[in-house]
Amino acid sequence: MAMLLPKRVKYRKAFRGKRRGVAKGGTTLAFGAFGLKAQENGWVTAAQIESCRVAISRSLSRGGKAWVRIFPDKPVTTHGQEKPMGAGKGLVDHWVAVVKRGRVLFEVDGIPEPLAKDTFRLAACKLPLRTGFVSRTGA
């Protein structure tokens with residue numbers, strides 16, 4: 001599967017913004033029985049999301065269903081090495097999802113809890129922020 005990125009955006013380049021505060025929505029499980037929840041703020045790149053998705057789907061080879069609850073819709077720009085200062089804003093390099101603490105990142109269903117915990121442990125290793133395991137039973 002190709003990397004995630006929006007089909008079209010209103011503005012080609014975006015401000016960096018502030019990485020603070022808590023998530024307004026997406027804080028509870030909506031699809032599966034178990035989830036991976038962010039415990040700090042940060043940016044998750046499209047490559048990191050894809051890496052987690054692959055790790056989760058490989059772990060679920062015995063069955064179960066997975067959901068990705070975040071989407072990279074913020075463009076991040078970079079300049080080439082030899083560009084002088086004041087040459088304007090760089091070109092879009094990659095896309096990130098802005099993640100606030102409390103946000104559910106991934107969900108799974110149809111598997112036992114120990115396997116879900118192990119699956120999310122593998123996925124969490126590929127993310128740049130601290131995460132926690134959540135379940136419908138309130139573990």
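Residues numbered from 1 in each chain as written. Predicted model: local features only at pLDDT ≥ 70, side-chain atom pairs only at ≥ 80, totals over all residues. Heavy atoms only, no water.

### Brief notes about the overall build of the chain
The test is simple: Secondary structure is summarised from DSSP: a helix means a run of H or I of at least four residues, a strand means a run of E of at least two, and numbering begins at the N terminus for each. Exposure classes here rest on a 1.4 Å probe applied to the protein chains alone. A residue is buried below 20% of its type maximum, exposed above 50%, and partly exposed in between. The contact criterion used is simple: two residues touch if any of their non-hydrogen atoms lie within 4.5 Å. Note on areas: these come from Shrake-Rupley sampling with a 1.4 Å probe, and a residue is covered only by the protein chains present in the view.
Of the regular secondary structure elements, the chain holds two helices and seven strands. Listing every helix and strand of the chain by position from the N terminus yields β-β-α-β-β-β-β-α-β. Along the three orthogonal principal directions, the C-alpha set of the chain runs to about 55 × 30 × 25 Å. Considering the chain as a whole, with its 139 residues, one finds that 37% of them fall into the buried category. Intrachain contacts of the chain at a sequence separation of at least 6 include 80% that bridge at least 24 residues. On the chain, roughly 8700 Å² of surface is accessible, and the fraction owed to carbon and sulfur atoms is 54%.

### Things to note about the environment of Gly-64
Structurally, Gly-64 can be placed in the loop between helix H1 (46-59) and strand S3 (65-68). Measuring from C-alpha to C-alpha, the distance between Gly-64 and Lys-24 comes to 28 Å, with 40 residues separating the pair along the chain. If we skip the residues at most four places from it in the chain, Gly-64 touches Asp-109, Gly-110 and Ile-111.

### Some details on the nonpolar core
The following threshold applies: Throughout this description, the term nonpolar core refers to a set of buried Ala, Val, Leu, Ile, Met, Phe, Trp, Tyr and Cys residues connected via side-chain atoms within 4.5 Å.
Residues Leu-105, Phe-106, Val-108 and Phe-120 are the most contacted members of the largest nonpolar core, which totals 24 residues. Of all the elements, helix H2 (residues 113-124) adds the most residues to this core, at four residues. Discounting chain neighbours no more than four positions away, the residues touching Phe-106 are Phe-34, Gly-35, Leu-36, Ile-49, Cys-52, Ile-56, Trp-67, Val-68, Phe-120 and Leu-127.

### Some points on the packing of aromatic side chains
We count it as follows: For Phe, Tyr and Trp, rings pair up if their centres lie within 6.5 Å, where Trp contributes its six-membered ring, and each pair is then called stacked (planes under 30 degrees apart), edge-to-face (over 60) or tilted (otherwise). Our definition puts a charge over a ring when NZ of Lys or CZ of Arg is within 6 Å of the ring centre and also within 35 degrees of the ring normal.
Taken as a whole, this structure holds three aromatic pairs when the rule is applied. Ring centres of Phe-31 and Trp-67 lie 5.6 Å apart, and the angle between their planes is 15°; this geometry places the pair in the stacked category. With a gap of 36 residues between them, Phe-31 in the segment before strand S1 (34-38) and Trp-67 in strand S3 connect regions that are remote in the sequence. Taking the centre distance of 6.1 Å and the plane angle of 55° together, the rings of Phe-120 and Phe-133 count as tilted. Remark: Phe-133 occurs in strand S7 (residues 131-135) and Phe-120 occurs in helix H2; sequence separation between them is 13 residues. Overall, Phe-120 belongs to the buried group, its relative accessible area being 2%. Geometry around Trp-43 places Arg-19 over its ring, the cationic atom sitting 3.9 Å from the centre.

### Some remarks on the pattern of salt bridges
Two side chains with opposite charge may pair up if their charged atoms get near one another. To keep things clear, this is the line we draw: The term salt bridge refers to a pairing of a side-chain nitrogen on Lys or Arg with a carboxyl oxygen on Asp or Glu at a separation within 4 Å.
Enumeration over the complete set of coordinates arrives at five salt bridges. Close ionic contact of Glu-40 with Arg-130 constitutes a salt bridge, the shortest N to O distance being 3.5 Å. Residue Glu-40 is located in the loop between S1 and strand S2 (42-45), and its partner Arg-130 is located in the loop between H2 and S7; the two are separated by 90 residues in the primary sequence. The partner of Arg-121 in a salt bridge is Asp-118, and the shortest N-O contact between them spans 2.6 Å. Of this pair, Arg-121 and Asp-118 are both found in helix H2, three residues apart, which corresponds to roughly one turn of the helix. With a relative accessible area of 32%, Asp-118 lands in the partly exposed category.

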